[in-house]
Amino acid sequence: MNADVIVIGAGVVGLSTALSLQGRGFDVLVLDREGPAAGASAGNAGAFAFTDILPLASPGILKKAPKWLLDPLGPLSVPPGYALQIAPWMFRFWRACSPARVRQSTLAQTALMDYSKAALEPFLTETGTLGMLEKKGNLQVYESKAELEASLPGWQARAEHGIDFRHMDAAEMATLQPGLAPRFSHGTFTPGWYSIADPKLYTLALADRFRAKGGRIERGEVTALEHLSDGVKLLGHASASWRADKVVLAAGAFSHQIARSLGDKIPLETERGYNTTLPPDAFDLKTQITFGGHGFVISRLSTGIRVGGAVELGGLKRPANFRRSEAMLKKAKAFLPCLKDQGGTQWMGFRPSLPDSLPAIGHARSSHRVVYAFGHGHLGLTQSAGTARLVSDLIQDRDPQIDLSPFSPQRF
């Protein structure tokens, strides 16, 4: 055996899981096709969005989608050449938008959010990264009273789950965050929205901590898994192979390709996210700002001001379209007139997303020795500490502390 447990994926979910398993006494090897923090974990907005319990798949998004899809640089786009390939995923997404399915997804998402929030600070303390945590909240802004009123059912759903928020007028917003353009007349502030100093540096810090405690991280692209009577064989390119007693598959947007080797056909799609990170002095940002009507956020990191978001359903192979980053930055300059929009670095990453906005957490269909932990969409960082605990329980054949049936990899 190469290890008691091999974790496939060195993003924030994979490394958090590896550290959790290491803390329970397992010898753990992490394999990744590129190395730590090479994917979506490096370029996200840095938010622990525990208040974001409403699924992306919802009646509200169905109302907005036709208008958004008409704008190739807007909040939601599908490249014409990819439309036919993504049609089955879009059909499942449409089915997940029914009120009954949204209620079920919201309950499941809330349970995972609450569990992950409770797990976060103990995990950060154990890994020596608590100093990277910030609690500055999030301001969702609206361009009219009508836009605010349209959002109220979502806020009512959050209120029913005990989430704290406060609606604001323009004057109150100006006190909280000076510099907003006057077009934003209303807003909602959620103080329970946390952030990390920099998501890439945080993920690399987890990798360093894992190695310091004796863990191993190797570059290697796993292409298939094979169930053995006494373990699991992992197959890679050029006849490479590894063996472990158990395996955690947390390879983000590439996970479904590996899961097929065990008979699981999981409809994972790639939400390609774009951003531009400006120098730290680009704007005096007091809290993360969400421009929900435009599908992007602006957040302060220790390394700069990040402007990014949006969804491009374009798969893994198409070249990046950085006009999307440029379009968001242009809007950000209009929304924050004092923003210094020069000297930025562009980025594109793959968010692994399932049609109902819930991740896949559970055993493989054909092997109890393999546990899946992928498909977190926009919430990988947010749910990483909770997912790590849940997966560790499954590896140890313990009953998890929340109901995992809504997250079953076999639910589709």
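Position labels on residues start from 1 in each chain and follow its written sequence. Confidence filtering applies because this is a predicted model: local features only for residues at pLDDT of at least 70, side-chain atom pairs given and counted only at 80 or more, and all residues used for totals across whole chains, interfaces and linings. The side-chain numbers reported here are obtained from all heavy atoms of the structure, hydrogens and water having been left aside.

Asker: Would you mind showing me how to read the side chain of Gln109 here?
Answerer: By the element assignment, Gln109 lies in helix α5 (residues 99-126). Contact between two residues is taken to exist if any of their heavy atoms lie within 4.5 Å; hydrogens are not considered. Among all residues touching Gln109, those that are not within four sequence positions of it are Asp52, Ile53, Ser357, Leu358, Pro359, Leu379 and Gln383. Numbering of helices and strands starts at the N terminus; helices are DSSP runs of H or I of at least 4 residues and strands are runs of E of at least 2.

Asker: What is the right way to read unusual backbone geometry from this model?
Answerer: Keep in mind that most residues, glycine aside, have a negative phi and that most peptide bonds are trans. Even without glycine at this site, Ala37 takes up a positive phi of about 60 degrees. Mapped onto the secondary structure, Ala37 falls in the loop between β2 (28-32) and α2 (40-43). Between buried and exposed lies partly exposed: a residue is buried under 20% and exposed over 50% of the maximum accessible area for its type, with that area taken using a 1.4 Å probe on protein chains only. The buried category is assigned to Ala37, whose relative accessible area is 4%.

Asker: For this particular structure, what's the right way to read the pairing of strand β17 (residues 304-313)?
Answerer: A regular strand places its side chains on the two faces of the sheet in alternate fashion. Buried residues dominate β17, accounting for 10 of its 10 residues. Pairing of strand β4 (residues 76-77) with β17, which is carried by 2 bridges, proceeds in the parallel orientation. Looking at β17, one finds that Leu76 is bridged to Val311. Strand pairing is assigned whenever DSSP identifies at least 2 bridges connecting the two strands. Inspection of the sheet shows strand β14 (residues 269-278) paired to β17 by 7 bridges, in the antiparallel sense. Bridge assignment links Tyr274 to a residue of β17, and that residue is Gly309. Across 6 bridges, strand β16 (residues 296-301) lies against β17 in antiparallel orientation. Counterpart to Leu301 in the pairing with β17 is Gly304.

Asker: Sorry if this is basic, but what is going on with the pairing of strand β8 (residues 186-190) here?
Answerer: Buried residues dominate β8, accounting for 5 of its 5 residues. By the alternation rule, side chains of β8 split into His186, Thr188 and Thr190 and Gly187 and Phe189, which are all buried. Bridge analysis of strand β6 (residues 138-142) against β8 gives 5 bridges, and the strand direction is antiparallel. Residue pairing in the sheet places Asn138 in a bridge with Thr190 of β8. In the sheet, strand β7 (residues 166-169) pairs with β8 via 4 bridges, with the strands oriented antiparallel. Looking across to β8, one finds that Arg166 is bridged to Phe189.

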